[in-house]
Amino acid sequence: MYSKRFEKEAFKEEVKNNIKNLYRKTIEEATGRQIFQAVSLAVKETIIDYWLATQAEMEKEDPKTVYYMSMEFLMGRALGNNLINMTAYKEVKEALDEMGIDLNAVEDEEPDPALGNGGLGRLAACFLDSLATLGYPAYGCGIRYRYGMFKQKIENGYQVEVPDNWLKDGNPFEIRRDEYAKEVRFGGDVRIEYDPVTKRNNFIQENYSSVLAVPYDMPIIGYGNHVVNTLRIWDAEAITDFHLDAFNRGDYRHAVEQENLAKMIVDVLYPCDDHYAGKELRLKQQYFFISASLQALLVRYKKKHDDVRKLHEKVTIQMNDTHPTLAVAELMHLLIDQEGLEWDEAWDVTTKTVAYTNHTIMAEALEKWPVDLFSRLLPRIYQIIQEIDRRFIEQVRSRYPGDEGRVARMAIIRDGQVKMAHLAIVAGYSVNGVARLHTEILKHEELKDFYDMMPEKFNNKTNGITQRRFLMHGNPLLADWVTKRIGDGWITDLSQMSRLKKYVDDPKALAEFREIKYQNKLRLAEYIKKYNGIEVDPRSIFDVQVKRLHEYKRQFLNILHVMYLYNQIKDHPEMYFYPRTFIFGAKAAAGYVRAKETIKLINSVADVINNDKSINGKIKVVFIEDYRVSNAEIIFAAADVSEQISTASKEASGTGNMKFMLNGAPTLGTMDGANVEIVEEVGIENAFIFGLSSDEVINFENNGGYNPADIYFNDWDIKRVVDQLIDGTYSNGDREMYRDLYDSLVNTHGQERADRYFILKDFRSYADAQKRVEEAYKDREGWAKKALMNVACCGKFSSDRTIQEYVDDIWHLDHIKVDA
Ligand code: B1N
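Computed from a predicted structure; not experimentally measured. (Residues numbered from 1 in each chain as written. Predicted model: local features only at pLDDT ≥ 70, side-chain atom pairs only at ≥ 80, totals over all residues. Heavy atoms only, no water.)

1. Focus: the nonpolar core
Moving on, step 1. Formed by 152 residues in total, the largest nonpolar core has its most connected members in Phe11, Met497, Leu500 and Ile619.
Moving on, step 2. A per-element tally of this core places helix α21 (residues 555-571) first, with 10 residues.
Moving on, step 3. Ignoring anything within four residues of it in the chain, the contact list for isoleucine 619 reads Val562, Leu565, Tyr566, Ile569, Phe577, Arg580, Phe582, Ile609 and Asn610.
Moving on, step 4. One finds Ala262, Ala296, Val371 and Ile810 within the second-largest nonpolar core, a separate group that totals 129 residues. (Core = buried A, V, L, I, M, F, W, Y, C linked by side-chain atoms within 4.5 Å. Buried < 20%, exposed > 50% of the residue type's maximum accessible area, 1.4 Å probe, protein only. Helix = DSSP H or I, 4+ residues; strand = E, 2+ residues; numbered from the N terminus. Contact = heavy atoms within 4.5 Å.)

2. Considerations on helix α13 (residues 379-399)
Moving on, step 1. The end-to-end C-alpha separation of α13 is 30 Å, in line with the 30 Å expected for 21 residues at 1.5 Å each.
Moving on, step 2. Within α13 the residues assigned to the buried category are Pro379, Arg380, Ile381, Tyr382, Ile384, Ile385, Ile388, Asp389, Phe392, Ile393 and Val396. (Expected span 1.5 Å × (residues − 1).)

3. Some remarks on the packing of helix α11 (residues 343-353) against α13
Moving on, step 1. It is the contact of α11 with α13, at a shortest axis distance of 13 Å, that shows an interaxial angle of 85°. Classified by the angle their axes make, α11 and α13 are roughly perpendicular. Here α11 contributes Trp343, Asp344 and Trp347 to the contact with α13, which in turn contributes Ile384, Glu387, Ile388 and Arg391. (Axes fitted to C-alpha atoms, helices over the stretch in contact; angles between N-to-C directions. Parallel < 35°, antiparallel > 145°, perpendicular 65-115°, else oblique.)

4. Here's the deal with the sheet that holds strand β13 (residues 368-370)
Moving on, step 1. Across the sheet, which stays open at both edges, the 3 strands sit in the order β13-β15-β14 with antiparallel pairing between neighbours. Strands with a single pairing partner mark the edges of an open sheet, and in this sheet they are β13 and β14 (413-414).
Moving on, step 2. Taken strand by strand, helix α15 (residues 420-427) contacts β13 and β15 (417-419), and its axis lies near 40° from that of β15. (Pairing = 2+ DSSP bridges.)

5. A look at the domain arrangement of the protein chain
Moving on, step 1. The domains assigned to the protein chain are domain 1 (1-61 + 78-110), domain 2 (62-76 + 112-463 + 805-811) and domain 3 (474-690 + 763-797).
Moving on, step 2. Between the C-alpha centres of domain 2 and domain 3 there is a distance of 36 Å.
Moving on, step 3. On the domain 3 side, the residues contacting the 38 residues of domain 2 number 39 residues.
Moving on, step 4. Of the roughly 3,000 Å² buried between domain 2 and domain 3 on both sides combined, carbon and sulfur atoms contribute 57%.
Moving on, step 5. On inspection of domain 2 and its partner domain 3, the count reaches 4 salt bridges.
Moving on, step 6. The shortest N-O distance in the salt bridge between aspartate 112 and arginine 628 comes to 3.9 Å.
Moving on, step 7. Inspection of the domain 2/domain 3 interface yields 17 residue pairs in polar contact (both at pLDDT 80 or more). (Domains from an automatic or database assignment. Buried area = accessible area lost by both parts, 1.4 Å probe. Salt bridge = Lys/Arg side-chain N within 4 Å of Asp/Glu carboxyl O. Polar contact = N/O pair within 3.5 Å; in protein donor to acceptor, adjacent residues only side chain to side chain.)

6. A word on the UniProt feature "modified residue: N6-(pyridoxal phosphate)lysine" (unreviewed entry) in the protein chain
Moving on, step 1. Feature annotation in UniProt assigns "modified residue: N6-(pyridoxal phosphate)lysine" (unreviewed entry) to the following positions: Lys659.
Moving on, step 2. Looking at the secondary structure, you find lysine 659 in helix α24 (residues 656-662).
Moving on, step 3. Those residues in contact with lysine 659, other than ones at most four positions away along the chain, are Arg122, Ile465, Phe470 and Phe636. (UniProt positions renumbered as here; feature names shortened; annotations may be inferred.)

7. What about the packing of aromatic side chains?
Moving on, step 1. Within this structure, the stated rule accounts for 22 aromatic pairs.
Moving on, step 2. An angle of 90° between the planes, with centres 5.5 Å apart, marks the rings of tyrosine 564 and phenylalanine 763 as edge-to-face. Note that tyrosine 564 is positioned in helix α21 and phenylalanine 763 in helix α30 (residues 759-778), a separation of 199 residues in sequence.
Moving on, step 3. The rings of Tyr68, Phe127, Tyr806 and Trp811 are connected pair by pair, giving a single aromatic cluster.
Moving on, step 4. If you follow lysine 587 out to its NZ or CZ, it ends over the ring of phenylalanine 150, 5.7 Å from the centre. (Phe/Tyr/Trp six-rings, centres within 6.5 Å; stacked < 30°, edge-to-face > 60°. Lys NZ or Arg CZ within 6 Å of the ring centre and 35° of its normal.)

8. Structural notes on the pattern of salt bridges
Any two side chains of opposite charge can pair if their charged atoms end up close together.
Moving on, step 1. Per the counting criterion, the structure on display carries 79 salt bridges.
Moving on, step 2. In this structure, arginine 468 and aspartate 129 form a salt bridge, with 2.7 Å as the shortest nitrogen-oxygen distance. Of this pair, arginine 468 sits in helix α18 (residues 467-473) while aspartate 129 sits in helix α6 (residues 119-133), and the two are 339 residues apart along the sequence. The pair arginine 468 / aspartate 129 is uniform in exposure class, with both members buried.
Moving on, step 3. The partner of arginine 391 in a salt bridge is glutamate 387, and the shortest N-O contact between them spans 2.7 Å. Of this pair, arginine 391 and glutamate 387 both sit in helix α13, 4 residues apart, which is roughly one turn of the helix.
Moving on, step 4. On the basis of relative accessibility, which here comes to 30%, the residue arginine 391 falls in the partly exposed class.

9. As for the packing of helix α28 (residues 716-723) against α30
Moving on, step 1. Between α28 and α30, the shortest axis-to-axis distance is 11 Å and the interhelical angle comes to 120°. The angle between α28 and α30 places the two elements in the oblique class. Crossing hand, α28 versus α30: right-handed. Two secondary-structure elements touch here, α28 through Asp717, Ile718 and Val722 and α30 through Leu760, Phe763 and Arg764.
Moving on, step 2. Here the residues of the contact of α28 with α30 sort into 4 nonpolar, no polar and 2 charged. (Left-handed = near helix turned anticlockwise from the far one by under 90°. Nonpolar A, V, L, I, M, F, W, Y, C, P; charged D, E, K, R; others polar.)

10. So, the environment of leucine 103
Moving on, step 1. Mapped onto the fold, leucine 103 is located in helix α5 (residues 103-108).
Moving on, step 2. By relative accessible area, which is 0% here, leucine 103 ends up buried.
Moving on, step 3. Considering only alpha carbons, one finds leucine 103 and serine 209, 106 residues apart in sequence, at a separation of 47 Å.

11. Description of unusual backbone geometry
Moving on, step 1. A positive phi angle, near 50°, is found at threonine 87, a position not held by glycine.
Moving on, step 2. Structurally, threonine 87 can be placed in the loop between α3 (79-85) and α4 (89-98).
Moving on, step 3. For aspartate 755, which is not glycine, the phi dihedral falls at a positive 50°.
Moving on, step 4. Within the fold, aspartate 755 resides in the loop between α29 (739-746) and α30.
Moving on, step 5. A relative accessible area of 3% means that aspartate 755 is categorised as buried.

12. Thoughts on the site of the ligand
Moving on, step 1. In the region of the ligand, 20 residues are neighbours, and Asp274, His359, Asn463, Glu651 and Gly654 sit closest.
Moving on, step 2. For the ligand, an oxygen atom lies 2.6 Å from a polar atom in the side chain of histidine 359.
Moving on, step 3. In this structure, an oxygen atom belonging to the ligand sits 3.0 Å away from a main-chain N or O atom of serine 653.
Moving on, step 4. In the complex, 97% of the free accessible area of the ligand, which totals 500 Å², lies under the protein chains.
Moving on, step 5. The class makeup of the residues in the shell around the ligand is 6 nonpolar, 9 polar and 5 charged.
Moving on, step 6. Viewed by domain, the shell around the ligand spans two of them, domain 2 (62-76 + 112-463 + 805-811) and domain 3 (474-690 + 763-797), each represented by three or more residues. (Near = heavy atom within 4 Å. Areas by Shrake-Rupley, 256 points an atom, 1.4 Å probe, with all protein chains shown as cover.)

13. Details of the side chain of arginine 122
Moving on, step 1. Its place among the elements puts arginine 122 in helix α6.
Moving on, step 2. Aspartate 129 is the oppositely charged side chain nearest to the buried, salt-bridge-free arginine 122, at an N-O distance of 6.3 Å.
Moving on, step 3. Among residues more than four places away in sequence, those in contact with arginine 122 are Leu74, Met75, Gly76, Thr466, Arg469, Phe470, Val629 and Lys659. (Lys, Arg positive; Asp, Glu negative; His and termini not counted.)

14. Comments concerning a negative patch on the surface
Moving on, step 1. Together, Glu445, Glu446, Asp695 and Glu696 make up a region of like negative charge exposed at the surface.
Moving on, step 2. Of all the elements in the fold, those that place two or more residues in the negative patch are α16 (436-446) and α26 (694-702).
Moving on, step 3. Its place among the elements puts glutamate 445 in helix α16.
Moving on, step 4. In this structure glutamate 445 comes out as partly exposed when scored by relative accessible area, which is 38%. (Patch = residues over 30% accessible without salt bridge, like charges linked within 9 Å, V, L, I, M, F, W, Y side chains within 5 Å. Charge placed at Lys NZ, Arg CZ, Asp CG, Glu CD.)

15. Points about helix α31 (residues 780-792)
Moving on, step 1. Compared with an ideal rise of 1.5 Å per residue, which puts 13 residues at 18 Å, α31 spans 18 Å between its outermost C-alpha atoms and is within 8% of the ideal.
Moving on, step 2. Those residues of α31 not exposed but buried are Trp783, Ala784, Lys786, Ala787, Leu788, Met789, Asn790, Val791 and Ala792.

16. Observations concerning the sheet that holds strand β21 (residues 641-644)
Moving on, step 1. Spatially, 6 strands are ordered β20-β19-β18-β21-β22-β23 in an open sheet, and the strand pairing comes out parallel. Strands with a single pairing partner mark the edges of an open sheet, and in this sheet they are β20 (619-623) and β23 (688-689).
Moving on, step 2. Contacts from helix α22 (residues 593-610) reach β19 (580-585) and β20, with the element oriented near 145° to β20.

As structure tokens, this is what we get:
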């Protein structure tokens with residue numbers, strides 16, 4: 001396999017043997033799950049050779065390496081993606097075919113590892129793919145949650161969360177590395193002891209609880225270059241007796257506590273996207289994986305280097321949002337308390353090693369830990385942060401004498417809280433946003449004080465996605481067509497897609513392109529029939545909004561508009577209307593009531609509309625259950641319209657928007673996040689833009705909002721739709737079911753303004769844009785041109801481009817080369 005010539009017969013033999021040895025069965029007797037395991041283990045054999053070769057190369061060349069610290073890695077299924085990156089997909093498919101096994105069916109047996117919520121976790125996964133593909137040494141560091149993102153069931157229109165025991169049958173691609181296990185300590189007290197020899201104070205943590213962090217490594221395969229990097233995720237175990245100090249040995253209660261602590265820490269991923277819950281267990285998770293990862297990283301560094309003062313020459317640490325920001329204080333702790341550095345030396349190293357990426361300006365996502373909780377759980381880490389804060393405030397005062405307001409705004413510890421973003425910015429040598437607009441808002445609004453004081457740290461890195469998964473794997477028909485037209489260079493250089501531009505005036509090419517979209521719509525229609533029992537017309541417009549459910553993302557606006565269209569069709573049955581299928585997919589955080597109400601509303605509207613024979617199927621509404629990486633690939637491939645309708649200024653970047661573009665679906669969206677750059681690349685004539693600008697939104701917000709009553713009482717179509725939330729139309733006569741959603745639009749509650757997300761304000765402009773979509777779609781060839789232009793102009797949005805920018809501007813990594 002790989003460039004080492006693929007030995008088909010040997011591979012087939014291997015699969016048979018695996019089934020025999022693992023399950024004492026023949027191929028015919030084996031279950032689908034067992035075949036998946038057997039095939040994956042056969043594939044892993046080859047991976048290991050290149051993994052070892054990559055390690056040997058790193059050993060030899062000692063390249064500068066990035067450690068990407070993230071609470072989330074939303075990897076999705078590994079088998080198909082690994083085969084693609086090993087350039088062995090087609091061969092393996094053939095070999096399995098000969099054995100009477102369908103590779104697609106085997107892939108479908110793999111649980112979808114969902115160690116992430118949404119965009120932030122999936123970005124981390126795309127970055128690892130690009131790092132390996134570009135040949136840069138990288139470790140992903142995270143947590144091996146026993147339960148990842150919950151599985152979503154829809155029962156009676158409501159979301160029900162079901163635990164996802166993804167490790168039940170074992171994960172064939174991971175390798176447990178007991179030899180790198182590390183102890184992580186929580187709680188207790190810090191005793192300060194003066195050492196007359198070194199003339200230093202030593203800080204000794206006592207009476208703590210601890211757990212053993214055990215790493216599991218997963219291979220991250222570069223495309224066609226033999227590079228195999230590592231995703232290292234940590235499991236927690238109780239420290240067994242012999243690790244305990246004499247004082248604790250035989251202390252039964254303590255032993256049980258440690259057992260429980262270990263079980264709890266890695267039990268479950270917090271299912272909150274863009275939201276901070278402030279739970280103690282979450283802080284434990286953060287410290288757990290940060291401490292373990294940093295300890296391991298230092299051991300690895302010291303194998304080759306004896307001066308930790310030069311750590312930054314070989315190591316850089318990227319913090320994926322503030323969740324890993326404890327890395328700042330933990331690195332200081334290890335450098336001072338373990339390595340014996342002075343404060344200034346440790347600070348110098350730390351501030352040259354860590355960098356921070358901001359992913360949101362939503363106030364409810366900001367991590368602010370209560371001081372009492374924090375100092376109790378992490379006493380030594382808290383001391384260190386106090387000292388960082390003290391020194392930083394001194395700097396602010398000397399830079400802005402007398403400006404105590406500024407000091408209060410910028411402090412790391414203030415009002416009984418530890419502000420993680422401030423710590424990340426103060427210590428980080430780089431602070432980046434994830435799209436141009438987002439970074440500008442950070443610089444000039446949210447983080448203005450910090451930008452004033454240290455502008456040199458701030459930079460933008462517009463997000464990207466990997467075309468290997470989201471085109472090659474997810475949309476093989478289009479991938480093959482592109483390759484036939486422009487060669488396969490796009491697989492590792494997406495900018496080559498621009499060569500497709502010459503086909504926008506080629507009727508034959510356009511016809512082929514349209515036919516591929518149609519085939520992909522058939523595939524999705526079958527999926528929907530199978531999992532939702534709903535018949536959809538593949539010739540209708542597939543209008544898709546898939547992403548986490550959040551008020552700022554405005555799924556509510558989308559469904560209100562569907563209700564409005566339905567009213568129109570009912571009122572004017574003779575009116576021209578191009579058939580539409582509105583497709584939604586979204587998980588709501590388990591405790592996010594309004595998000596869950598929105599899911600129920602979408603399903604209720606679907607029920608009413610889909611069962612109304614009088615509209616001749618002109619509108620269908622489908623809520624796809626359990627939206628996740630694996631079905632996302634099918635959905636993007638089949639989309640005609642990409643709904644990116646967040647309130648301007650709220651979506652930091654978005655990455656779904658890029659996946660739709662790559663698959664030829666024009667954007668219907670606001671000028672928010674990376675939509676701005678998508679429009680810049682594809683041209684405004686190939687997108688459908690509407691709504692308030694981010695400046696307008698920010699202006700309203702700074703001046704007390706706007707008054708939705710002005711719209712509600714003056715636009716009768718809007719009033720009618722809003723009133724239908726409480727007149728029983730979509731709730732079998734129940735007037736209370738959607739009262740809260742209604743209220744959120746028209747009534748102010750305490751601190752919360754009516755219509756905080758400008759849904760009514762943007763409604764007309766959205767409806768107009770939807771009308772333009774319909775008009776444009778009627779011209780089949782014109783639409784195909786727009787769609788193809790989207791594919792041709794998507795080059796910028798490869799995560800390969802993003803990663804190259806991180807390397808050039810922030811990380812300065814060395815290349816590695818692995819020979820076959
Ligand atoms: O990160 C993505 C962006 O494309 C999205 O615009 C942005 O919303 C998303 C706390 C988050 N920001 N913040 C989070 C996730 C989990 C959590 O516990 C916050 N996710 C985003 C990639 O840059």
